[in-house]
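Structural features, examined
The primary structure of each chain is shown beneath.
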Amino acid sequence: MPVNTSGTAKKRPDLASLIVGSRDVREAKIPPQLYYGPRRAGKTVLGATASEQWPEDRKAGSGGTTITLEDILWVPFDAGALDALSGFNVEVENVVNVNAAFEYYNDNASAALSLIEEAIANVLTKNDSIRFVVIDTLSQLDSQLEAYYHGVVDDSQTLYRSMLGRHRNFASFLKTMPATPIELCHSRLVGEARGKKGDEANAKKRDKAAKAAKYFVVPEAEPAITGKGGEIYRANTSIQGVVLANNNAVSRALERRVFFRLKDGFEASSRFETVLDTDGKGEEPNLRAIYRKVGYIEESQNG
């Protein structure tokens, strides 16, 4: 169902008004996006680059006047999610207090998520300058949902069905918001086991793969969401990118790239295959630049 953020009854649209040109539909908002990759690959900073206020010429640790992003609403499920922005002297004006929601409902993740959805809808109603909502990360939300449902259901089938249903509802909520969702997610190897033993086994696989290749390699990865939850978010986003980081083989400097097609086991896609990542080497991790490249903002704009 569409999200009604106004709090008032909606008037049925005139039938003629429902027929528009493709440009009118496209200009309504930049489409929903999903970006996933290993931890510390740069996903949080990538999300922040969607803002008009993001200082595109600023490097981490270079100092400068503190800049506040006013057109982004941040939903930080990960602890310390915004720490990465402090290195750029960047702050976010609107942040959902996720911890307060979970504390109020005693870690009932489903109820807490409903409260968070209400908070998002409320602020979007009152502040139409917010153009983006960053979810940081879907993986941590998934872990919180799993911990909650483990305590209230008796079998794994019911657990996964309950989690899948909650993810489906949240994905639908995000897609129908008036602002653009930027969904960030950690990655895992396909079939990766949870827990310490699984982490150790997969770390060995990654190390082996890294030694066998020189650049941006992690084999057969997928969004780290339980069951088929990742497929739900993929189905509800128009652009899916993979964020990877590695030391340059020559300069040894840390490089980050965003890939929009299959890359070393990471599956990504977009509706702009003839424009984005055409050489398979990825794009610079700057969403404003990517939006300009595909025509969602004017080339002359410098966020």
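Here the residue numbers are simple positions, counted from 1 along each chain's written sequence. Owing to the predicted nature of the model, reporting of local features is limited to residues with pLDDT of at least 70; listing and counting of side-chain atom pairs is limited to 80 or more, with chain, interface and lining totals taken over all residues. Calculation of side-chain values draws on the structure's entire complement of heavy atoms; hydrogens and water are dropped beforehand.

Here we come to the packing of aromatic side chains. Here a Phe, Tyr or Trp ring, Trp counted by its six-membered ring, pairs with any other such ring whose centre lies within 6.5 Å, and the pair is stacked when the planes are under 30 degrees apart, edge-to-face when over 60, and tilted otherwise. In the structure shown here, the tally under the stated rule is seven aromatic pairs. Here the aromatic rings of Tyr35 and Phe260 are separated by 6.4 Å at their centres, their planes lie at 85°, and the arrangement is edge-to-face. Within this pair, whereas Tyr35 is found in strand β1 (residues 33-37), its partner Phe260 is found in the loop between β8 (254-259) and α10 (287-294), the two being separated by 225 residues in sequence. Residue Tyr35 shares its accessibility class with Phe260, and that shared class is buried. Relative to Tyr105, the ring of Tyr104 has its centre 4.8 Å away and its plane inclined at 90°; by these criteria the two rings are edge-to-face. A simple rule labels every residue: compare its accessible area, found with a 1.4 Å probe on the protein chains alone, to the largest value its type can have, and call it buried under 20%, exposed over 50%, or partly exposed in between. Of the residues examined, Tyr105 reaches a relative accessible area of 33% and is grouped as partly exposed. Counting from the N terminus, the helices are DSSP H or I runs at least four residues long and the strands are E runs at least two residues long.

One fewer than the residue count of a helix, multiplied by 1.5 Å, yields its expected span. For helix α5 (residues 109-126), spanning 18 residues, the distance from its first C-alpha to its last is 26 Å, which sits close to the expected 26 Å at 1.5 Å a residue. All of the buried residues along α5 are Ala109, Ser110, Ala111, Ala112, Leu113, Ile116, Glu117, Ile120, Ala121, Val123 and Leu124. Buried-residue contacts for α5 involve β2 (67-76), β3 (90-95), α4 (98-104), β4 (132-136), α6 (138-150) and α7 (156-175). Should any heavy atoms of two residues lie within 4.5 Å, those residues are considered in contact.

Quick look at the pairing of β4 now. For β4, the buried fraction is high: five of the five residues fall into the buried class. Residues Phe132, Val134 and Asp136 point to one face of β4 and Val133 and Ile135 to the other, with burial holding for every one of them. For two strands to be treated as a pair, DSSP must find no fewer than two bridges joining them. Sheet topology note: the β2/β4 ladder contains five bridges and is parallel. Bridged to Trp74 within β4 is Val134.

Turning our eyes to something else, we now look at the environment of Cys185. Summarising the element assignment, Cys185 is placed in strand β5 (residues 180-189). For Cys185, a relative accessible area of 0% corresponds to the buried category. Along the backbone, Cys185 and Leu141 are 44 residues apart, and their C-alpha atoms lie at a distance of 9.6 Å. If near-sequence neighbours (up to four positions away) are discounted, Cys185 is found in contact with Leu34, Tyr35, Tyr36, Gly37, Lys43, Thr137, Leu138, Ser139, Pro223, Ala224 and Ile225.

Let us look at the packing of α5 against α6. As a packed pair, α5 and α6 sit with axes 8 Å apart at the nearest point and diverge in direction by 140°. Our classification of the angle between α5 and α6 gives oblique. The segment α5 lies against α6, with Ala109, Ser110 and Leu113 engaging Leu141, Gln144, Leu145, Tyr148 and Tyr149. Across the contact of α5 with α6, the residue classes break down as six nonpolar, two polar and no charged. In this analysis, axes come from line fits to C-alpha atoms, helices being fitted only over the stretch in contact, and the angle between any two N-to-C directions falls in the range 0 to 180 degrees. In this scheme, roughly parallel covers angles under 35 degrees and roughly antiparallel covers those over 145, while 65 to 115 is roughly perpendicular and the rest are oblique. Asp, Glu, Lys and Arg are counted as charged, while Ala, Val, Leu, Ile, Met, Phe, Trp, Tyr, Cys and Pro are counted as nonpolar; the rest, among them Gly, fall into the polar class.

Right, let's talk about the confidence of the model for the protein chain for a bit. Summarising the model, the protein chain shows a mean pLDDT of 84, and 81% of its residues fall at 70 or more. Mean pLDDT across the elements of the protein chain ranges from a minimum in helix α8 (residues 196-212), with 53, to a maximum in β4, with 98. Low pLDDT (under 50) marks residues 193-198, which in the prediction has seven contacts with non-local residues, meaning those over four places away or in another chain. You can read pLDDT as the predictor saying how much it trusts each residue, on a scale of 0 to 100. Predicted confidence for residues 212-218 stays below pLDDT 50, and this span has 19 contacts to residues more than four positions away or in other chains.

Looking now at unusual backbone geometry. In this structure, Thr137 follows Asp136 across a cis peptide bond, with omega equal to 0°. By the secondary structure assignment, Thr137 is in the loop between β4 and α6. Of note, Asp107 is a non-glycine position whose phi angle comes to about 70°, a positive value. Relative to the helices and strands, Asp107 is located in the loop between α4 and α5. Phi angles above zero are rare outside glycine, and Asp277 is one such case at about 55°. Position of Asp277 among the secondary structure elements: in the loop between β8 and α10. Here Asp277 falls in the buried class, since its relative accessible area comes to 0%.

With that out of the way, let us pick up the pattern of salt bridges. Salt-bridge detection follows one rule: a side-chain nitrogen of Lys or Arg within 4 Å of a carboxyl oxygen of Asp or Glu. In total, this model carries five salt bridges according to the counting rule given. As a salt-bridge pair, Arg257 and Glu284 come within 2.7 Å of each other at their nearest N and O atoms. Of the two residues, Arg257 sits in strand β8 while Glu284 sits in the loop between β8 and α10, which places them 27 residues apart along the sequence. As a salt-bridge pair, Lys293 and Glu283 come within 2.9 Å of each other at their nearest N and O atoms. In this pair, Lys293 sits in helix α10 while Glu283 sits in the loop between β8 and α10, placing the two residues ten residues apart along the sequence. Judged by relative accessible area, Lys293 falls into the partly exposed class, the value being 42%.

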